[in-house]
Amino acid sequence: MSPQPVRTRGWLDIAPVYSLIQNLLGAKAVRRRFLDDYVRPVPGERVLDLGCGPGDIVGLLPAVHYVGLDLSPRYVRAARRRYGSHGRFQQADVRTLAGEELGRFDVILSVGVMHHLGDDEASQMAAAAAGLLAPGGRFVTLDPGRSPEAPRAAGWLLARDRGHMIRTADGYRRLAAPHFGSVNSQVHHDLARVPYTHVVLICSEPTLP
Ligand SMILES: C[S@@+](CC[C@H](N)C(=O)[O-])C[C@H]1O[C@@H](n2cnc3c(N)ncnc32)[C@H](O)[C@@H]1O
């Protein structure tokens with residue numbers, strides 16, 4: 001079955017508008033904490049960013065070898081304009097990565113992407129990430145989450161998200177679990193400047209077929 005189209009929302013597909021809204025919501029601080037607390041990138045590592053958008057995370061990374069992939073040609077063009085000297089950006093569908101000549105990576109990131117994908121597609125992305133990791137590598141994801149402890153006001157923002165597959169921590173974890181020996185999840189209600197719940201997955205020890 002061919003992958004379903006990804007839901008878009010007009011003006012948010014314009015890269016500077018997307019980045020502006022993200023900054024207003026405090027996304028820079030969210031990415032900073034995600035990197036510092038969970039990803040801990042080390043200079044010289046090879047980093048693959050699945051669904052990199054306009055590349056907003058690149059300015060927060062140390063001197064790594066960075067490759068960003070995104071479905072949106074507009075975002076890829078914007079990322080190349082802004083960060084082309086810091087890494088390589090390529091249009092690709094993370095649901096169908098098998099066969100891409102990408103090499104192996106110490107760190108694979110996916111920030112705000114899993115909640116755009118149906119279960120089979122998200123599981124395919126996790127499987128592809130498992131296959132692209134170098135020995136000892138990690139796949140780390142960050143997405144909006146559902147939780148009984150979520151601040152009430154978070155529901156208003158989540159309902160407006162372009163992604164229609166916002167899950168609980170367990171919901172995300174069970175999609176990655178078949179592809180990794182170790183999958184840890186962490187739920188945060190305090191990463192953003194606005195009331196919001198995030199789920200982080202930290203996956204390692206790929207279990208390859
Ligand atoms: C919420 S944005 C996050 C962008 C970026 N990671 C960030 O943190 O700003 C979700 C991104 O996932 C990308 N995306 C969604 N489905 C995708 C797919 N199947 N393949 C590649 N990229 C995809 C979208 O184009 C968009 O850039």
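Residues numbered from 1 in each chain as written. Predicted model: local features only at pLDDT ≥ 70, side-chain atom pairs only at ≥ 80, totals over all residues. Heavy atoms only, no water.

## Some words on the site of the ligand
Next, step 1: Taken together, the neighbourhood of the ligand is formed by 19 residues, with Tyr18, Gly51, Asp70, Asp93 and Val111 sitting nearest.
Next, step 2: Residue Leu71 places a main-chain N or O atom 3.1 Å away from a nitrogen atom belonging to the ligand.
Next, step 3: Within the backbone of Val111, one N or O atom sits 2.8 Å away from a nitrogen atom of the ligand.
Next, step 4: If the ligand stood free it would expose 580 Å²; the protein chains cover 93% of that surface.
Next, step 5: When the residues that make up the shell around the ligand are grouped by side-chain class, the tally is ten nonpolar, five polar and four charged. (Near = heavy atom within 4 Å. Polar contact = N/O pair within 3.5 Å; in protein donor to acceptor, adjacent residues only side chain to side chain. Areas by Shrake-Rupley, 256 points an atom, 1.4 Å probe, with all protein chains shown as cover. Nonpolar A, V, L, I, M, F, W, Y, C, P; charged D, E, K, R; others polar.)

## Some details on the sheet that holds strand E1 (residues 46-50)
Next, step 1: Taken together, the seven strands give an open sheet; going across it, the order is E3-E2-E1-E4-E5-E7-E6, and neighbouring strands pair in mixed fashion. Among the strands making up the open sheet, the edge pair consists of strand E3 (87-91) and strand E6 (180-188). Averaged over all neighbouring strand pairs, the angle between strand axes comes to 15°, with direction disregarded.
Next, step 2: Sheet topology places strand E2 (residues 65-70) next to E3; five bridges connect them, and they run parallel. When the sheet's bridge partners are listed, Tyr66 is paired in E3 with Gly87.
Next, step 3: This element, helix H4 (residues 119-132), spans E1, strand E4 (105-111), strand E5 (133-144), E6 and strand E7 (198-206) of the sheet and lies at about 150° to E5. (Pairing = 2+ DSSP bridges. Helix = DSSP H or I, 4+ residues; strand = E, 2+ residues; numbered from the N terminus. Axes fitted to C-alpha atoms, helices over the stretch in contact; angles between N-to-C directions. Contact = heavy atoms within 4.5 Å.)

## Section: the pattern of salt bridges
Next, step 1: Going through the model one piece at a time under the given rule, you end up with eleven salt bridges.
Next, step 2: For the salt bridge of Asp37 with Arg33, the shortest nitrogen-to-oxygen distance reads 3.5 Å. Placement of the pair is Asp37 and Arg33 together in helix H2 (residues 27-39), with a separation of four residues, close to one helical turn.
Next, step 3: Among the charged side chains, a network of salt bridges with common partners joins Arg31, Asp56 and Arg82. (Salt bridge = Lys/Arg side-chain N within 4 Å of Asp/Glu carboxyl O.)

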